[in-house]
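Below are the chains, spelled out letter by letter.
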Amino acid sequence: MKKIALLFITVIAMLPSHAQGVAAAIADANKFVGNYLQPFGEGEIYNMNRGWYSTARAHKLLGFDLSVSLQAAVVPTDKQNFTFNNADYSTFKLNGGATSASLPTFMGGSSSQSIHVNVTENGQQAYTDFTTPTGIGNDFKKNISFLPVSVPLPVAQLGIGIFKHTDLKVRYFPKTDLNNVSMGIFGIGVQHEFSNYLPFLKKVPFLHLSALAAYNHLSADYYPNLTNSGSVRSNNADLKYDISAYTVQAIASVKFSFLEIYTAIGYNSGKSNINVNGSYQATLNTNFPPPNNTFTINATDPLAMSYTASGISNTWGVRFNLFILKIYADYTFAKYNGIGAGVAFAFR
C-alpha cells in the first residue's frame, strides 16, 4: 500500500497548470495509474474467491474447523507490462521521440523511461518530467524466488456445521487501525454436501460431493503523513482500497485414510476500487512569467481506479489429515492462476 501512495505522490507532484489544465492532467494520471495498478486490483479479486475449502465433506452439527492459508494469484506475463501510447493521453507524452512504449505495471520490473507533462493554459505552457515507476516484480523474484510473480493475500476462516450436511463459513476481521493502516474483512459462505442424496455413492463412500456459494468484502485505508512532505501536502490524505468478490463452486473430494484429494470447478466474479481521497496542495516551478515562478495546485479526491474480473476456475488440491491437524495445498487454473497453501484445526 505504501508503494502505491508514493506512486500517487510522484504523479500528483507533476501536475503543472491551473483549473482546466489540472483536470486534463488528472485524467491522464488516472489512466496511467489505472494501467499501472491493474494486475494488483484484478489479482486480489481472484485471491478473495479462493481458500474457502480443502474438502467436499461437511461437518457434523457444531463440528468446526479453523484455517489459515496464503493465496497467491499468479500474474500473467502480459499483465506485468502495459503499453503506453502517446495518442491515448492529452498531457502525458514519452520522452525520446517514441510514440509508444512497454512500461512495467506494479507487478512488473524496472523502468528508465521518462514522461513529459506539457499543459497549455491561456497561451502559456507549463511542463515537467517524471520517471515512470518501477514494479515489484524484480524484488519478488529475488526474495521469493520459489514462486512466480504473484499477488499475495493471507486468509483466516472459521467453518462450522449448522445443520445436516451444511457448513457455515465465516471470514471476519473488524476494521482495525495498525499504525497508519486501517483494514477490515468480512466474508460468508455456505457449503452443502449432497453425497447422501445420490444412491450410487453408497458404493464409493470415500467420494464426497458438495456445492459452495460465498461472498467476501475487504476494506483498507492507508493514511500517508503528508503534513510536512514538501512538494505535496495534505492534512487528510487517504489511499482507500475496497474489494468485493463472490463465487459459486462444485466440489469433489476423495479420502484415503490420511490423504485426501479435492477438485472444484466454479464461477468467480468481483470488483475492486482504489481511490486517492483527500485535499492536496502541490507546489512546483514552471516557466510561467516571471521565470521559475512557483505556484500551488489544489486537488480534491484526485484519483479513482476501478477493476472487475470474472470467469471460470478449476482447482486441484491435496490435503493431509493428521488427526485434528490438516495441511493442504492446491493450484487453480483461471485467468490469474492461483497457488494456495494452508493449515487447519478441525473437529468433525
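Keep in mind it's a predicted model, so treat the numbers as computed, not measured.

1. Quick look at the sheet that holds strand 7 (residues 150-163)
No. 1: Read around the barrel, 10 strands follow the order 1-7-8-9-10-12-13-16-17-18 and close on themselves; strand pairing throughout is antiparallel. For this sheet the average axis-to-axis angle between neighbouring strands, irrespective of direction, equals 20°.
No. 2: Bridging between strand 16 (residues 303-322) and strand 17 (residues 325-333) involves 9 bridges; their strand directions are antiparallel. Paired with F320 across the strands is I327, a residue of strand 17.

2. As for the packing of aromatic side chains
No. 1: The full count for this structure, using the stated rule, is 14 aromatic pairs.
No. 2: On the numbers, 5.6 Å between centres and 85° between planes, the contact of F40 with F106 is edge-to-face. One end of the pair, F40, is in helix 2 (residues 19-48); the other, F106, is in the loop between strand 4 (100-104) and strand 5 (114-121), with 66 residues separating them in the sequence.
No. 3: Residue F40 is classed as buried on the basis of its relative accessible area of 11%.
No. 4: On the accessibility criterion, F106 (7% relative accessible area) is buried.
No. 5: Ring pairing ties together the aromatic residues F32, F82, F84, Y89 and F92, which thus form one cluster.

3. Let's talk about the nonpolar core
No. 1: Counting 46 residues, the largest nonpolar core has F32, L37, F84, F92, L218 and I274 as the members making the most contacts within it.
No. 2: The leading source of residues in this core is helix 2, at 9 residues.
No. 3: Not counting residues up to four positions away in its chain, the partners in contact with F84 are F32, Y89, F92, K93, L94, T99, S100, A101, L103 and I115.
No. 4: Counting 10 residues, the second-largest nonpolar core is a separate cluster that includes A56, L212, I251 and Y262.

4. Let's talk about the pattern of salt bridges
No. 1: Scanning the model with the defined rule gives 6 salt bridges in all.
No. 2: The closest approach of N and O atoms between K79 and E42, which form a salt bridge, is 3.8 Å. Here E42 lies in helix 2 and K79 lies in the loop between strand 1 (64-74) and strand 2 (81-85), a separation of 37 residues in the sequence. We note that K79, like E42, is buried.
No. 3: In this structure, a network of salt bridges that share partners links the residues K175, D221, D238 and K240.

5. As for the pairing of strand 9 (residues 181-193)
No. 1: Bridge analysis of strand 8 (residues 166-178) against strand 9 gives 11 bridges, and the strand direction is antiparallel. In the strand pairing of strand 9, D167 is matched with Q191.
No. 2: As judged from the 13 bridges shared by strand 9 and strand 10 (residues 207-222), these two strands associate in the antiparallel manner. If you follow H192 over to strand 10, its bridge partner there is A211.

Thresholds, definitions, all that
Residues numbered from 1 in each chain as written. Predicted model: local features only at pLDDT ≥ 70, side-chain atom pairs only at ≥ 80, totals over all residues. Heavy atoms only, no water. Pairing = 2+ DSSP bridges. Helix = DSSP H or I, 4+ residues; strand = E, 2+ residues; numbered from the N terminus. Axes fitted to C-alpha atoms, helices over the stretch in contact; angles between N-to-C directions. Phe/Tyr/Trp six-rings, centres within 6.5 Å; stacked < 30°, edge-to-face > 60°. Buried < 20%, exposed > 50% of the residue type's maximum accessible area, 1.4 Å probe, protein only. Core = buried A, V, L, I, M, F, W, Y, C linked by side-chain atoms within 4.5 Å. Contact = heavy atoms within 4.5 Å. Salt bridge = Lys/Arg side-chain N within 4 Å of Asp/Glu carboxyl O.

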